[in-house]
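Secondary and tertiary structure notes
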Amino acid sequence: MTTTDASDLRGIQQMAEELGITQRTIRFYEDKGLIEPQRAGTTRVYTRREFARMQLILRGKSLGFSLRDIKDFLDLYDHDPAHIEQTHMLAARAAERITDLEQQQRAIVQTLAELRLIERQALDRIRAVEG
């Protein structure tokens, strides 16, 4: 077990400020079991490890990964010191996410084309009526 230097500890307010999120967001991920702060009485105290986990969680969310995916990554990180399993899973999930985003991109392109057509038709109709 490693010892924790006091300079590595953060309160929930400091953690939230450094990550640019709310305390409520931190408590949400704590409730989901993704981070586990230590307690000093009733005060939550976050180690460097918890801070790093929060960074990974936020990065995963920004990339569109589900909480379940993120939990799987974090669990593997803890149990696979070489991070080989984690890297394999990350590559597979990234490929799935790329496929999803490419499908969404095609749908957006199609929707934009349809909206441009509707806009053009509406403007042509206005011009025809206004003469």
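Residues numbered from 1 in each chain as written. Predicted model: local features only at pLDDT ≥ 70, side-chain atom pairs only at ≥ 80, totals over all residues. Heavy atoms only, no water.

**With respect to the nonpolar core**
Looking at soluble globular proteins, one finds that nonpolar side chains tend to be buried together. Formed by 17 residues in total, the largest nonpolar core has its most connected members in Met15, Ile26, Ile35, Met54 and Ile57. Secondary-structure elements contributing two or more residues to this core are α1 (12-19), α2 (23-31), α3 (48-62) and α4 (67-79). Ranked by residues supplied to this core, first place goes to α1 with 4 residues. (Core = buried A, V, L, I, M, F, W, Y, C linked by side-chain atoms within 4.5 Å. Buried < 20%, exposed > 50% of the residue type's maximum accessible area, 1.4 Å probe, protein only. Helix = DSSP H or I, 4+ residues; strand = E, 2+ residues; numbered from the N terminus.)

**A word on the pattern of salt bridges**
Inspection of the entire model under this criterion finds 9 salt bridges. Here Arg48 and Asp8 are joined by a salt bridge, their closest N and O atoms 2.6 Å apart. Residue Arg48 is located in helix α3, and its partner Asp8 is located in the segment before β1 (10-11); the two are separated by 40 residues in the primary sequence. Judged by its relative accessible area of 53%, Arg48 is exposed. For Asp8, a relative accessible area of 16% translates into the label buried. With its nearest N and O atoms 3.2 Å apart, the salt bridge here joins Arg39 to Glu30. Using a relative accessible area of 47% as the deciding quantity, one classes Arg39 as partly exposed. The exposure class of Glu30 is buried, given its relative accessible area of 16%. The structure contains a network of salt bridges with shared partners spanning Glu30, Arg39 and Arg44. (Salt bridge = Lys/Arg side-chain N within 4 Å of Asp/Glu carboxyl O.)

**Focus on the packing of aromatic side chains**
Under the definition given, this model contains 2 aromatic pairs. Centre to centre, the rings of Phe28 and Tyr29 are 5.1 Å apart; their planes meet at 75°, and the pair counts as edge-to-face. Ring geometry for Phe65 and Phe73: centres 5.5 Å apart, planes at 85°, overall edge-to-face. A cation sits over an aromatic face here: Arg10 above Phe51, 3.9 Å from the ring centre. (Phe/Tyr/Trp six-rings, centres within 6.5 Å; stacked < 30°, edge-to-face > 60°. Lys NZ or Arg CZ within 6 Å of the ring centre and 35° of its normal.)

**Digging into helix α5 (residues 84-130)**
The terminal C-alpha atoms of α5, which comprises 47 residues, lie 67 Å apart, in line with the 69 Å expected from a rise of 1.5 Å per residue. A positive phi of about 70° marks Gly131, the residue just after α5. (Expected span 1.5 Å × (residues − 1).)

**Notes on the side chain of Arg10**
Tracing the backbone shows Arg10 in strand β1. Judged by its relative accessible area of 16%, Arg10 falls in the buried class. Engagement of the side chain of Arg10 in a polar contact is seen with the side chain of Glu18, the distance being 2.7 Å. In contact with Arg10, not counting residues within four places along its chain, are Met15, Glu18, Arg44, Val45, Tyr46, Thr47, Arg48 and Phe51. (Polar contact = N/O pair within 3.5 Å; in protein donor to acceptor, adjacent residues only side chain to side chain. Contact = heavy atoms within 4.5 Å.)

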